[in-house]
Amino acid sequence: ATMPPLLSAIANAGRHGVLIKSAVVMEQLGQVDAVALDKTGTLTEGTPRVTGIRPLAASGLSEEELLRIAAAAEHPSEHPLARAIVDAARTRDLRIPVVEDFTSAPGTGVRGTVDGKAVAVGSPARLLAGRADHSAAVEAARLEDEGCTAVLVEVEGTPVGVLGIADRLREEATATVAALTGLTGTAPVLVTGDNPRAAARLAEEVGITDVRAGLLPHDKVTAVQELEQAGRKVLVVGDGVNDAPALAAAHTGIAMGRAGSDLALETADAVVVRDELATIPTVVHLSRRARRLVV
Ligand code: ADP
Ligand code: MG
């Protein structure tokens, strides 16, 4: 027997390195008329590197001490920023102490006890909210203006330094945004937990004008719901734990597989296994073609 069109489309998507979880998903993909893209790990390669280590003068810490504390707190996290920090510490052959009482807050950062002290590592905007710590905020803004994601390190509630982390845009990001714009008639929306400066800089580079930055996981859901209430069928593409609620809320959710968190991979309707962003417009196209053959 010849294969039904949706099943052969699934097989075809598989050859492109995209795992489509059901025939229903394969069919829904073709209905999509709006796209919301995550930034870190989705439009970027997801292998960011530490490019700046700035202990605050008042902390008395050296660069290596600052990095060592941050790496300890980040060690259990699967976030790409966490991996960058741990890798930087390993590259410098630093001994990373064991963290106790580790907790992570998606879109914000991590907390734990290192060397008997309470350490927090994460978004300066969130950790410094409502507080006046001039030197930490200035250092963070300086790194963000350089295109970095700034990560604040606190010990016992006091900011001790800022790390600058930079990630490369995926080679195929601009072409993929253009292809998705062509398929849906509108440019994708950027939904990111990262800071507005770094987000705006990257959006401009890839041809996105609608930028929603500084979002928590539930804000990404709200952004999707707003589009759906306006009558759109939204495709969400993301990789992180922080993207899982939006992947679930979307008409169709696709997770980036290589750097993707387990939760994102489980929640999404489809997974880009081969880590090529350009396969996303391809599978939308495959779905549309299969749907034409079905009806
Ligand atoms: P994106 O939506 O671009 O993928 P995330 O929501 O994963 O970004 O992260 C948003 C922000 O939250 C980061 O830019 C960072 O400031 C902070 N953050 C989240 N997890 C961590 C972590 N493990 N370590 C440091 N910062 C973190
Ligand atoms: Mg991400």
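A brief report on the enclosed structure follows.

Analysis parameters
- Residues numbered from 1 in each chain as written.
- Chains lettered and ligands numbered in written order.
- Predicted model: local features only at pLDDT ≥ 70, side-chain atom pairs only at ≥ 80, totals over all residues.
- Helix = DSSP H or I, 4+ residues; strand = E, 2+ residues; numbered from the N terminus.
- Rg over C-alpha atoms; globule rule 2.2 N^0.38 Å.
- Buried ≥ 20, exposed ≤ 12 C-beta atoms within 10 Å, placed from the backbone.
- Contact = placed C-beta atoms within 7 Å.
- Near = placed C-beta within 6 Å.
- Nonpolar A, V, L, I, M, F, W, Y, C, P; charged D, E, K, R; others polar.
- Core = buried A, V, L, I, M, F, W, Y, C linked by C-beta atoms within 7 Å.
- Domains from an automatic or database assignment.
- Pairing = 2+ DSSP bridges.
- Axes fitted to C-alpha atoms, helices over the stretch in contact; angles between N-to-C directions.

1. Observations concerning the overall build of the protein chain
Each helix and strand counted, the protein chain has 13 helices and 13 strands in total. The globule rule puts the C-alpha radius of gyration for 295 residues at 19 Å, and the 20 Å found for the protein chain is close to it. The principal-axis extents of the C-alpha atoms in the protein chain amount to approximately 70 × 35 × 30 Å. Taken across its 295 residues, the protein chain has 50% of its residues classed as buried. Across the protein chain, contacts joining residues at least 24 apart in sequence account for 60% of those joining residues at least 6 apart.

2. A short note on the site of ligand 1
Taken together, 24 residues surround ligand 1, and among them Thr40, His79, Ser123, Thr192 and Gly193 come closest. At the level of elements, α3 (39-43), α5 (80-91), β5 (109-114), β6 (117-122) and β7 (149-155) are the ones that each hand at least two residues to the shell around ligand 1. If one sorts the elements of the shell around ligand 1 by residue count, α3 sits on top with 3 residues. A per-class count over the shell around ligand 1 returns 5 nonpolar, 15 polar and 4 charged.

3. With respect to the environment of histidine 75
Relative to the helices and strands, histidine 75 is located in the loop between α4 (63-74) and α5. Ignoring sequence-local partners within four residues, the contact set of histidine 75 consists of Val86, Ile96 and Val99.

4. Digging into the nonpolar core
Nonpolar side chains in soluble globular proteins generally cluster together in the buried interior. Of all hydrophobic cores here, the largest spans 93 residues; its most connected members are Ala36, Ala70, Ala73, Ile85, Leu163, Val224 and Val236. If one sorts the elements of this core by residue count, α4 sits on top with 7 residues. Both of domain 1 (5-45 + 169-294) and domain 2 (49-166) provide at least three residues apiece to this core. Setting aside residues up to four positions removed in sequence, valine 224 forms contacts with Ala36, Val234, Val236, Ala246, Ala249 and Ala250.

5. Regarding the sheet that holds β6
One key point about sheets: their strands pair by backbone hydrogen bonds, in either a parallel or an antiparallel sense. The antiparallel open sheet is built from 6 strands, whose spatial order is β3-β8-β7-β6-β5-β4. Each having just a single partner strand, β3 (49-55) and β4 (100-105) make up the two edges of the open sheet. Mean inter-strand twist for the sheet, computed between neighbouring axes without regard to direction, equals 20 degrees. As paired elements, β6 and β7 share 4 bridges and run antiparallel to each other. Following the sheet pairing, alanine 120 is matched in β7 by glutamate 154. Along the sheet, α4 makes contact with β3, β5, β6, β7 and β8 (158-166), crossing β5 at roughly 105 degrees.

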